[in-house]
Amino acid sequence: MNSLFAKTILCIGAGYVGGPTMAMIAHKCPQYRVTIVDINADRIARWNSDQLPIYEPGLDEMVQAARGRNLFFSTDIEKGIRESDIIFVSVNTPTKTFGVGAGMAADLQYWEKTARQILESATSDKIVVEKSTLPVRTARAMERILFSTQSGIRFEVLSNPEFLAEGTAVKDLEQPDRVLIGSRLTESGIRARQALTEIYANWVPLDRILTTDIWSSELSKLVANAFLAQRISSINAISALCEKTEADVTQVARAVGMDSRIGSRFLNASVGFGGSCFKKDILNLVYICRYYGLNDVAGYWESVIEMNEYQKTHFVMTMLNAMFNTLAGKKIALFGFAFKADTGDTRESPAIYIARRLIEEQADLAITDPKALVNAKADLKDVEGKVRFVEDPYEAALGSHAIAIMTEWRQFRDLDYERVYQSMVKPAFIFDGRNVVDHQKLYQLGFNVYPIGKPALTHL
Ligand code: NAD
Ligand code: UGA
């Protein structure tokens, strides 16, 4: 243990959550020593380099300032465990792909390995913090593993789910709506949660640090994501109705969202939600409901995902119908591949599904994205040769029949669409899967414009 520091913190899992979260703690609390470990040596090497493994606005600066001072990245998990007082566990918890619960339940193998490793390597008492998103009652399983020997070492398990969104991780961590800490309601449980509260209190106002029992904390994380995704599926369902009735989904969302009981955020109709968590966490919720025999409840939440699948299919069908029912041999430029703007992450991005469907229709694809081309190439490795990856959006659009906007990158709003239009095959189509460009202006330039949830503007 390094006596220069007031607390020694370890985070197991140097991913999209572990990296930024710990960088923020190190940044706000120079009195603590923060180490992040991972089994993935490449990832750790990148965290120690100038090319961080993830892109988040503001993250590079924060990491550079703290790295080597009180923020360390390492592959030595055992040493990290031995030397820490508080261990955050932020490993991945993907959807299970095999055996019981395949395609639904959370795959807890990485989680369980971590629990066993903590038990093996610990030589003093630890607070173990669940940072990953987990099924409700996982803390009980962790306790069973940690308490399974007579080592005399005391472990206290806390739940502290993370609510950051990618692309705004630094801002979300710096000014969180709330920090949630769940504990056992025993004396030692409450002491442990005070120790964790003390860390966040270095920059988060106390009235935003919410403490609950441990099961409510675990469940709240799944529910928060389910509610957010549900809003998107709700507005997307309405967007389909708008397209049939000449209503405008943006205006409907505005009118509805101004009701303070409903609120205006997360009502942007789109080609569908993506990201590593919404689908997996809802599937997990559905699985838990089924496990407890709550089949109607499970069905209700499952429909949020079904609606999202519909939205992606509907987008491809709109393209196909508009372009005279054939895409074979036509050049299509996909503007954006990340699941949202300001991230290079493409996990569960609707663009993956759309690209594959367009390739099935034998379209000739060019994909452009300011941060996600490396991931896009990996996602489409099996269809290599059927798609081009292009840095410059003007080059991607050159000679194309259509543009489909997949990600709401600011760059795509600000393009010179006159120039883009001139370089395309006519009739030129634009399908705006994010409602981000000026539809009227593009129509006047000559484009046939297909927004989401608004009447199409066409010259045909
Ligand atoms: P990630 O895949 O980016 O990172 C997880 C890391 O854990 C990987 O680098 C992996 O190598 C490492 N790991 C796995 N097993 C390990 C082990 N035994 N020892 C050491 N390292 C190990 O995942 P993520 O996006 O950071 O998500 C982590 C958790 O946080 C998930 O449960 C997710 O649901 C949740 N979450 C994610 C976000 C997000 O925006 N990505 C937001 C909130 C919550
Ligand atoms: C989401 C939640 O917002 C975070 O609070 C949570 O911590 C995180 O999941 C997680 O658990 O992983 P994230 O997936 O990073 O964060 O990004 P969001 O901003 O929620 O966007 C998710 C998807 O929904 C994106 O594809 C986005 O484009 C789409 N979206 C979002 C819409 O289609 N419409 C909207 O109005 C909002």
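For the structure itself, consult the block above.
Rules used in this analysis
- Residues numbered from 1 in each chain as written.
- Chains lettered and ligands numbered in written order.
- Predicted model: local features only at pLDDT ≥ 70, side-chain atom pairs only at ≥ 80, totals over all residues.
- Heavy atoms only, no water.
- Helix = DSSP H or I, 4+ residues; strand = E, 2+ residues; numbered from the N terminus.
- Rg over C-alpha atoms; globule rule 2.2 N^0.38 Å.
- Buried < 20%, exposed > 50% of the residue type's maximum accessible area, 1.4 Å probe, protein only.
- Contact = heavy atoms within 4.5 Å.
- Areas by Shrake-Rupley, 256 points an atom, 1.4 Å probe, with all protein chains shown as cover.
- Lys, Arg positive; Asp, Glu negative; His and termini not counted.
- Charge placed at Lys NZ, Arg CZ, Asp CG, Glu CD.
- Salt bridge = Lys/Arg side-chain N within 4 Å of Asp/Glu carboxyl O.
- Phe/Tyr/Trp six-rings, centres within 6.5 Å; stacked < 30°, edge-to-face > 60°.
- Lys NZ or Arg CZ within 6 Å of the ring centre and 35° of its normal.
- Axes fitted to C-alpha atoms, helices over the stretch in contact; angles between N-to-C directions.
- Parallel < 35°, antiparallel > 145°, perpendicular 65-115°, else oblique.
- Nonpolar A, V, L, I, M, F, W, Y, C, P; charged D, E, K, R; others polar.
- Pairing = 2+ DSSP bridges.
- Arc of directions from axis to C-beta.
- Near = heavy atom within 4 Å.
- Polar contact = N/O pair within 3.5 Å; in protein donor to acceptor, adjacent residues only side chain to side chain.

Caption draft 1: Structural detail: the overall build of the protein. Assigned secondary structure in the protein consists of 18 helices and 14 strands. By the compact-globule yardstick of 23 Å for 460 residues, the protein fits well, its C-alpha radius of gyration being 24 Å. Seen through its C-alpha atoms, the protein measures out along the principal axes to roughly 75 × 50 × 45 Å. The burial tally for the protein puts 54% of its 460 residues in the buried class. For the protein, contacts bridging at least 24 residues in sequence account for 73% of all contacts bridging at least 6. When the accessible area of the protein is evaluated, it comes to approximately 20600 Å², of which 51% is carbon and sulfur surface. Between the mean site of the 52 positive side-chain charges and the mean site of the 55 negative ones, the protein shows a separation of 1 Å.

Caption draft 2: Layout of the pattern of salt bridges. With the rule as written, the count across this model stands at 24 salt bridges. Put simply, E174 and K28 hold a salt bridge, and the shortest N to O gap is 2.7 Å. Of this pair, E174 sits in helix α7 (residues 169–174) while K28 is found in helix α1 (residues 18–28), placing the two residues 146 residues apart along the sequence. A salt bridge links K280 to D281; the nearest nitrogen and oxygen atoms lie 2.8 Å apart. Accessibility classification places K280 together with D281 in one group, the buried group.

Caption draft 3: Broad picture of the packing of aromatic side chains. Under the counting rule described, the total for this entry stands at 13 aromatic pairs. Look at Y300 and W301: their rings are 5.0 Å apart centre to centre, the planes differ by 80°, and that puts the pair in the edge-to-face class. Here the aromatic cluster, defined as three or more aromatic residues joined through ring pairs, consists of F324, F429, F431 and Y450. In this structure, R178 is placed above the aromatic ring of F163, and the distance from its NZ or CZ to the ring centre is 3.6 Å. Lying over the aromatic face of Y421, K426 brings its terminal NZ or CZ to 4.6 Å of the ring centre.

Caption draft 4: Just the packing of helix α6 (residues 138–146) against helix α9 (residues 214–245), in detail. Running from N to C, α6 and α9 point in directions that differ by 125°, and their axes come no closer than 9 Å. It follows that α6 is oblique to α9 by the angle criterion. Between α6 and α9, the residues in contact are T138, A139 and R140 and I214, W215 and E218, respectively. Tallied by class, residues from the contact of α6 with α9 come to three nonpolar, one polar and two charged.

Caption draft 5: The arrangement of the sheet that holds strand β14 (residues 448–450) in detail. The strand order across the open sheet formed by six strands is β11-β10-β9-β12-β13-β14, and the pairing between neighbours is parallel. If you trace the sheet from one side to the other, it starts and ends with β11 (387–389) and β14, each paired once. Across the sheet, the mean angle separating the axes of adjacent strands is 20° when strand polarity is ignored. For strand β9 (residues 331–335) and strand β10 (residues 364–368), the ladder comprises five bridges, and the chain directions are parallel. By the bridge assignment, F335 is partnered in β10 with T368.

Caption draft 6: Quick look at unusual backbone geometry. A cis amide bond links K426 to the next residue, P427, at an omega of -5°. Relative to the assigned elements, P427 resides in the loop between α17 (417–422) and β13 (429–432). One non-glycine residue, F324, adopts positive backbone phi at about 60°. Structurally, F324 can be placed in the loop between α12 (295–322) and β9. Here Q362, not a glycine, exhibits a phi torsion of approximately 65°, which is positive.

Caption draft 7: Region of interest: helix α3 (residues 59–66). Turning to α3, its buried residues are L59, M62, V63 and A66. For α3, the angular spread of the buried residues around the axis is 95°, confining them to a single face. The elements touched by buried residues of α3 are α1, α2 (41–47), β3 (71–74) and α7. One or two positions beyond α3, positive phi appears at G68, with a value near 85°.

Caption draft 8: Quick peek at α1. Among the eleven residues that make up α1, nine are buried, leaving the element largely enclosed by the rest of the structure. All of the buried residues in α1 are G18, G19, P20, T21, M22, A23, M24, I25 and A26.

Caption draft 9: Representation of the site of ligand 1 within the structure. In the region of ligand 1, 26 residues are neighbours, and V17, D38, R43, T93 and K280 sit closest. At 2.9 Å from an oxygen atom of ligand 1 is found a main-chain nitrogen or oxygen belonging to V17. Contacts to ligand 1 include D38, whose side-chain N or O atom sits 2.6 Å from an oxygen atom. Protein coverage of the free-state accessible area of ligand 1, which is 840 Å², stands at 93%. Tallied by class, residues from the shell around ligand 1 come to nine nonpolar, ten polar and seven charged.

Just distances and angles here, no functional claims.
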